[in-house]
Amino acid sequence: MRAKFSPASAIGRPFKLLIDANRKYGLEWWLLVIGTLIVLFIIFLAFFPQTLAPYDPLDQDTGPQLSPPSRENLMGTDNLQRDIFSRMIYGSRTILGVAFSAAIISSLAGVTLGLLSGFLGGVIDRILSLIMDSIYSFPGLILAIAFAAMLGPGVFNITLAVAVIYIPTYFRLVRGQTLSIKEELYVEAARAIGAKRWTIIGRYIFPNAIATVVVIFSLNIADAIMTEAALSYIGLGLPAGIPDWGMDLSMGKKFLPSGTWWMVTFPGLMIMILALGFTLLGEALAEILNPRLLER
Amino acid sequence: MLFILLTLVFVVLRIMPGDPVKAVLGAHAPPHVIEAKRAELGLNKPLIIQYFNYLGQLVRFDLGDSMVLKQKVSAPIKEKLPATLELSVMGMFFTLIIGIPLGAFSASKRRSARDLGIRLYGNIVYCIPVYWMGLMLQLVFGIWLGVLPVAGRTGARVFPSLFEKTGFYLLDTLLVGNFAAFGDVLVHLLLPSITLGIVLSGVFVRLTRANMLDILKSDYILAARARGIPERKVVYKHGLKNAFIPILTMLGLQFALLLANAILTETTFSWPGIARLLLERIYLRDYPTVQGVIVVFALIVSLISLIVDLLYAVIDPRVKY
């Protein structure tokens, strides 16, 4: 029976949903909520930096040089008298942008190649798998460093360098899925009624293989965030002038011996929180979408 | 795998924009000098011949000559590799020491507050950038408390040339019997390897926990409990021993992650290892050396997975080769 509409139930319903979900999924649900909140919060920062940040990130006159956190400069200032708090807010744009686009590029490439490789089989499959497996087993960051070094600094280049190392993740996943879906009865039926290859790949295999990609995507962004930050930390990432957490961190490293802890602490904390948000999100999604894992 | 990676690196390095010869000689070098240098380096030949020349060198364990400095590519690698390996092995040691017991404990107290705490630790630690962890530890132990050194492999009063034999300073100092130097080396190793250990322990906490949960549900654990064997012994002897195989597999896989993190740790702690060599040579555009370092990394990764495969037989008597 449908409950009668009332304002109280309208307000109460989302809460009831939350509580039901808590009962059903327990801890995973809360991790999902926390992860989502973190991610949304930082995306919010990235969308409205002008209103949220008290200073321009490049403004070199926001207070005394290298001053510790105070009311004027919530996270202190750096060696060029820039406000670290504002730089953190603007920096979220850079890291989110790079991580998102890298994850999108690598998922597009990985999913496409995985579908083709799994579906077509034969020599193409063998060659692609071999290449992907070798990239996969190699330390990703080192590969990204090599690529970033060759491509030179720049937002697009660093995105590309990060994207390359995650293609195999999607490739392996989708290829495996495709291999098993290919043998399903409904694909056989589609083939029997004379569906074209592309129809089979696009309409039958792709939608069924894509479900797992969502989970990986979130975890992948978390990884891409760490890689981007690492690349710009070792100075291979972005040209100067773009506020970036990794770069601020490596700047702060130079002043650490004199005890300026704020230049190092806050960028690192932001990287960690952001990566944690996406990890929690991905893990919780994985557990909720995959009931077999729930017993753990 | 090694071969594929080699080819990939070779091709990518060659098709990238930017002329290494011009990078070495400067953009305004006269054309005949550039041409001569190119011939000297063998870069004027067709790509495919260059490729086979390179492969030919490699099977003779020759990584070629550096383009920028007058030395073999292998010389600096040989010199710096032990530092990286020493750091990695110590880092792995701390990872296992922290990760496995925590994971096993967490599994044995499933769905309790302590389990939750340890799981959160695993997740959080996994997301800490390793260089940031290093800097924070430097700040606390090196700068605020001033008890541990923050950079380098030895202190100022220890001269590595006195005991350098294998390049592994811990081993060298022991071989010579110089315990003061041994202590100094150990103290310098402590912060970087603990940094690595903490950050990587997150993966192992999760892995050990997941495997232990599977194992603790199995029949022989039930049987062991039924026989009245103390719970502690059931978990840590009967259970944990059987969890080691998947953990070992992961150890092999995670070695790649360890190496990647070692690079960042080396930069943070001014550790004179192979990672710093890689970065220095990238800035110098010394492609043969960059290529060489990547080859060495690939070699290490494949070697580790081979060793892991062989270790299965040692740990699990059912596995025979």
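1. Quick look at the overall build of chain B
Of the regular secondary structure elements, chain B holds 13 helices and zero strands. When the helices and strands of chain B are read in sequence order from the N terminus, they spell out α-α-α-α-α-α-α-α-α-α-α-α-α. Across the 321 residues that make up chain B, the buried fraction comes to 39%. Expressed as a percentage of contacts within chain B between residues at least 6 apart in sequence, the contacts between residues at least 24 apart total 73%.

2. Here's the deal with the interface of chain B and chain A
Contact with chain B, which involves 37 residues of that partner, is made by 35 residues of chain A. Sorting the residues of the side of chain B that touches chain A by element identifies helix 1 (2–15), helix 6 (113–127), helix 7 (130–144), helix 9 (179–216), helix 11 (231–268), helix 12 (274–284) and helix 13 (287–315) of chain B as the ones contributing at least two each. The leading source of residues in the side of chain B that touches chain A is helix 11 of chain B, at seven residues. Across the side of chain B that touches chain A, the residue classes break down as 34 nonpolar, three polar and no charged.

3. Examining the confidence of the model for chain A
Mean pLDDT over chain A: 82, with 89% of residues reaching 70 or higher. Within chain A, helix 4 (residues 84–120) of chain A carries the highest mean pLDDT (90), whereas helix 1 (residues 7–25) of chain A carries the lowest (62).

4. Focus on helix 12 of chain B
Buried within helix 12 of chain B are the following residues: Ile274, Ala275, Leu277, Leu278, Leu279, Arg281 and Ile282 of chain B. Looking at the buried positions of helix 12 of chain B, the neighbouring elements they touch are helix 6 (140–151) of chain A together with helix 5 (74–108), helix 11 and helix 13 of chain B. Backbone geometry just after helix 12 of chain B places arginine 285 of chain B at a positive phi near 60°.

5. Digging into the packing of helix 6 of chain A against helix 11 of chain B
For any two helices packed against each other, the geometry comes down to the angle between their axes and how far apart the axes lie. As a packed pair, helix 6 of chain A and helix 11 of chain B sit with axes 7 Å apart at the nearest point and diverge in direction by 55°. Put simply, helix 6 of chain A runs oblique to helix 11 of chain B. In contact with Gly140, Leu141 and Ile142 of chain A of helix 6 of chain A, helix 11 of chain B contributes Leu259, Ala260 and Ile263 of chain B.

6. A word on the nonpolar core
Grouped together as the largest cluster of nonpolar side chains are 150 residues, with contacts concentrated most on Ile142, Ala144, Ala146, Ala148, Ile225 and Ala275 of chain A. Residues within four places of alanine 148 of chain A in sequence aside, it is in contact with Asn157, Ile158, Ala161, Leu231, Leu236 and Gly237 of chain A.

7. Quick word on the packing of helix 10 (residues 211–233) of chain A against helix 11 (residues 245–255) of chain A
Residue and element names in this part refer to chain A. Where helix 10 contacts helix 11, the axes come no closer than 7 Å and their chain directions differ by 40°. Classed by the angle they form, the pair helix 10 and helix 11 counts as oblique. Where helix 10 crosses over helix 11, the handedness of that crossing is right-handed. Judged by residue contacts, Glu228, Ala229, Ala230, Leu231, Ser232 and Tyr233 of helix 10 engage Trp245, Gly246, Met247, Leu249 and Ser250 from helix 11. Counted by class, the contact of helix 10 with helix 11 contains seven nonpolar, three polar and one charged residues.

8. Thoughts on unusual backbone geometry
Residue and element names in this part refer to chain B. The phi dihedral of serine 270 falls on the positive side, at around 45°, and the residue is not glycine. Position of serine 270 among the secondary structure elements: in the loop between helix 11 and helix 12. Classification of serine 270 by C-beta neighbours within 10 Å gives partly exposed; the count is 13.

9. Some points on helix 8 (residues 185–192) of chain A
Within helix 8 of chain A, only zero of the eight residues are buried, which leaves it mostly out in the open. Looking at the residues trailing helix 8 of chain A, positive phi occurs at glycine 194 of chain A, about 85°.

Reading guide: rules and limits
- Residues numbered from 1 in each chain as written.
- Chains lettered and ligands numbered in written order.
- Predicted model: local features only at pLDDT ≥ 70, side-chain atom pairs only at ≥ 80, totals over all residues.
- Helix = DSSP H or I, 4+ residues; strand = E, 2+ residues; numbered from the N terminus.
- Buried ≥ 20, exposed ≤ 12 C-beta atoms within 10 Å, placed from the backbone.
- Contact = placed C-beta atoms within 7 Å.
- Nonpolar A, V, L, I, M, F, W, Y, C, P; charged D, E, K, R; others polar.
- pLDDT = per-residue confidence, 0-100.
- Axes fitted to C-alpha atoms, helices over the stretch in contact; angles between N-to-C directions.
- Parallel < 35°, antiparallel > 145°, perpendicular 65-115°, else oblique.
- Core = buried A, V, L, I, M, F, W, Y, C linked by C-beta atoms within 7 Å.
- Left-handed = near helix turned anticlockwise from the far one by under 90°.

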